[in-house]
Amino acid sequence: MKRKKSISILLGLFILAWFFQYFLCYISNLYFITSLIALATWFFLLGVVVYNLIKIILKSNKDYFSFLFLGIITITLYITYEHPYGIINWEKFEGESFLEANYLGTVNCLTKIQLKAKNRFKYSSYCFNKVFYFGTYQIKNNTINFKLEEETRFLDTNGYAILHKDYADTTKYAYISLFKNPKAKRSMPMRIKKIDLKSLRIK
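Along each chain, the written sequence defines residue order, and numbers are assigned to residues from 1. For a predicted model such as this one, the threshold for reporting local features is a pLDDT of at least 70, and the threshold for listing and counting side-chain atom pairs is 80 or more; totals across whole chains, interfaces and linings nevertheless cover every residue. Side-chain numbers come from the whole structure's heavy atoms, not from hydrogens or water.

Quick word on the sheet that holds strand β8 (residues 187–195)
What the 8 strands build is a closed barrel, ordered β1-β2-β3-β4-β5-β6-β7-β8; its pairing is antiparallel. Each neighbouring strand pair of the sheet contributes to a mean axis angle of 30°, computed without reference to strand direction. Here a strand pair is declared whenever DSSP counts at least two bridges between the two strands. We count a stretch as a helix when DSSP gives it H or I for four or more residues in a row; a strand needs E for two or more, and each element gets its number in order from the N terminus. Sheet analysis places strand β1 (residues 97–104) next to strand β2 (residues 110–116), joined by 7 bridges and oriented antiparallel. Within β2, the position partnered with leucine 104 by the bridge is leucine 110. Axis definition: a line fitted to C-alpha atoms, over the contacting stretch in the case of helices. Angles run 0 to 180 degrees between N-to-C directions.

Some words on the state of the cysteines
Here a disulfide denotes one covalent bond, and it connects the sulfur atoms of two cysteines. Cysteine sulfur atoms are paired as a disulfide whenever they fall within 2.5 Å. Scanning the model with the defined rule gives 1 disulfide in all. Between the sulfur of cysteine 109 and that of cysteine 127 lies a disulfide, 1.8 Å long from S to S. With cysteine 109 in the loop between β1 and β2 and cysteine 127 in the loop between β3 (120–126) and β4 (130–140), this residue pair connects regions lying 18 residues apart in the sequence. Exposure categories follow from relative accessible area, calculated using a 1.4 Å probe and restricted to protein chains: below 20% of the type maximum is buried, above 50% is exposed, and the middle band is partly exposed. The class for cysteine 109 is buried, based on a relative accessible area of 15%.

Considerations on the pattern of salt bridges
The salt bridge criterion pairs a side-chain nitrogen of Lys or Arg with a carboxyl oxygen of Asp or Glu, the two atoms within 4 Å. Counted under the stated rule, the structure contains 5 salt bridges. Put simply, glutamate 149 and arginine 120 hold a salt bridge, and the shortest N to O gap is 3.0 Å. Residue glutamate 149 is located in the loop between β5 (143–148) and β6 (160–165), and its partner arginine 120 is located in strand β3; the two are separated by 29 residues in the primary sequence. Classification of glutamate 149 as exposed rests on a relative accessible area of 55%. Here the salt bridges share partners, and the residues they tie into one network are Glu91, Glu94, Lys112 and Lys122.

Regarding unusual backbone geometry
The phi dihedral of asparagine 141 is positive, around 60°, even though this residue is not glycine. Position of asparagine 141 relative to the elements: it lies in the loop between β4 and β5. The exposure class assigned to asparagine 141 is exposed, which follows from its relative accessible area of 68%. With a phi angle near 60°, arginine 201 is a residue other than glycine that sits in the positive phi range.

Side note on the packing of helix α1 (residues 2–19) against helix α2 (residues 30–58)
With their axes 10 Å apart at the nearest point, α1 and α2 run at an angle of 140° to one another. Judged by the inter-axis angle, α1 sits oblique to α2. When the axes of α1 and α2 are compared, the crossing they make is left-handed. Side by side, α1 and α2 meet where Ile7, Leu10, Leu11, Phe14 and Ala17 of the first sit next to Thr34, Ala38, Thr41, Trp42, Phe44, Leu45 and Val48 of the second. Note on terminology: angles under 35 degrees are roughly parallel, angles over 145 are roughly antiparallel, angles of 65 to 115 are roughly perpendicular, and the others are oblique. In this scheme, a crossing is called left-handed if the near helix is turned counterclockwise away from the far one by less than a right angle; it is called right-handed if the turn is clockwise. Between two residues, a contact is recorded if the distance between any of their heavy atoms is within 4.5 Å.

Listed below in structure tokens is the structure:
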């Protein structure tokens, strides 16, 4: 009974970490560490199910309560396997994005910038780790000036980006060049996935 209680507590913590994992990205390296622990926990719980299921089958007196308990664990493992990033899109509660630009690097590492209302922006990095950064922005002509709350791997606290129009259709903006800081000579080309010129007051 004591063992089942410990496993129940572990299962509860695992569900909470899986359900609210999005918010772990707000703190650097916390998502990565928690993901490793969660992965180890997933395989441990799978081992618990297989081990106890064999024990119950070999017993002459079947413990149907244990069957039910293992069934709950199995369903949880299946749902988290099918939906590893959760079942709720928490990002929609952060407000609409007026501009969204992505850069897909090596080993499918994704960098994303989203410009939101009240001159707030979100910088997201999805690679071996997931982490979010926030700050403010100002747009002047075709230049976006950023003020990050903390420095990132590619973007300093005072980085900037330049908007570029499509070569084939000069009425549309196609990508931005993201510069780490005003002294940087190299930039990261980011494809624009969404842009609301009216909300951003860009001509």
